[in-house]
Amino acid sequence: WGLKISDALKARGITEGSKDVIVAVIDTGMDVMHQDLKNNLWVNPGETGLDSKGRDKATNGIDDDKNGFVDDVHGWNFVNNNNKLDDNHGHGTHISGIIGAEGGNNFGITGIASKVSLMVIKYYDPKFQTNNLENTIKAINYATAMKAHIINYSGGGTEYSQQEFEAIRKSRSEGILFVAAAGNEHSNSDKQKYYPANYDLDNIISVTAINPSLKVLASSNYGVRT
């Protein structure tokens, strides 16, 4: 029912996405071997092919594209500061599937844009204690530097962060659309702000949750202006 309400099926009649469109999913990582996702992973061109010694750039332990991240073939894990994108929560894999699960493969679901390239950026892992806000800022900056076209971020909080604001404003200057969760506090976002969804930047789309009757879920944030 969600696809029908959002007109996603009609949108597919226009386009199913393109490998040239990079969607950065800042979340809990991804099961990169998932049958419905593995063929739609973003591939960093600077970390593929062979290096001067004939080694595979994807696994040679060298920062071949000199962006500060070693072997970041499909994205980066800011929790453990490595290229291991394992999803120990499940949310990131779930969201990635909604966005870009492969279509026509007789398996699982078909994503909203089933032919996009999914850049995996991990900022949270329930097995480790980390600074989620700091990781989020790093993740946004990474997505911007690596030329993502869209950033999807499903987290947030009530704390305003100037650094986070600046990171998203920088992404705006690069023409990046930022899709942010409205939050699950059942509060009026016009009164109780929730960030990053509530930053005053016109590249941000704040997304809440509704039921089949088009009513906002009891757990979800709402508002008129945001």
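Below: a short report on this structure. Given the structure is predicted, the values throughout are model-derived calculations rather than measurements.

A cluster of nonpolar side chains, namely Trp1, Ile5, Ile210, Leu214, Val216 and Tyr222, defines an oily patch on the protein surface of about 560 Å² accessible area. One can find Ile210 in the segment after strand E6 (204–207). The exposure class assigned to Ile210 is partly exposed, which follows from its relative accessible area of 31%.

Right, let's talk about the pairing of strand E5 (residues 177–181) for a bit. Of all five residues in E5, four are buried, a share of seventy percent or more. In the sheet, strand E4 (residues 150–153) pairs with E5 via four bridges, with the strands oriented parallel. Counterpart to Asn152 in the pairing with E5 is Val179. Here E5 runs beside E6; their pairing, made up of four bridges, is parallel. In the sheet register, Ala181 faces E6, and the bridge partner there is Val207.

Given a rise of 1.5 Å per residue, 14 residues ought to cover 20 Å, and the 20 Å separating the end C-alpha atoms of helix H4 (residues 132–145) matches this to within 8%. Considering only its buried residues, H4 is in contact with strand E1 (22–27), strand E2 (75–77), strand E3 (117–122), E4, helix H5 (162–173) and E5. Of the residues flanking the end of H4, it is Lys147, one or two places downstream, whose phi is positive at about 70°.

For H5, spanning 12 residues, the distance from its first C-alpha to its last is 16 Å, which sits close to the expected 16 Å at 1.5 Å a residue. In this structure, the buried side of H5 is in contact with H4, E4, E5 and E6.

Moving on to the packing of aromatic side chains. Counted by the stated rule, this structure contains 11 aromatic pairs. Residues Phe69 and Tyr142 carry aromatic rings whose centres are separated by 5.0 Å and whose planes lie at 85° to one another, so their mutual orientation is edge-to-face. Placement of Phe69 in the loop between E1 and E2 and of Tyr142 in helix H4 is noted, with a sequence separation of 73 residues between them. Summarising the burial analysis for this pair, Phe69 and Tyr142 share the class buried. Within the aromatic cluster, the residues linked to one another by ring pairs are Phe69, Trp76, Phe78 and Tyr142.

So, how was this worked out
Residues numbered from 1 in each chain as written. Predicted model: local features only at pLDDT ≥ 70, side-chain atom pairs only at ≥ 80, totals over all residues. Heavy atoms only, no water. Patch = residues over 30% accessible without salt bridge, like charges linked within 9 Å, V, L, I, M, F, W, Y side chains within 5 Å. Areas by Shrake-Rupley, 256 points an atom, 1.4 Å probe, with all protein chains shown as cover. Salt bridge = Lys/Arg side-chain N within 4 Å of Asp/Glu carboxyl O. Helix = DSSP H or I, 4+ residues; strand = E, 2+ residues; numbered from the N terminus. Buried < 20%, exposed > 50% of the residue type's maximum accessible area, 1.4 Å probe, protein only. Pairing = 2+ DSSP bridges. Expected span 1.5 Å × (residues − 1). Contact = heavy atoms within 4.5 Å. Phe/Tyr/Trp six-rings, centres within 6.5 Å; stacked < 30°, edge-to-face > 60°.

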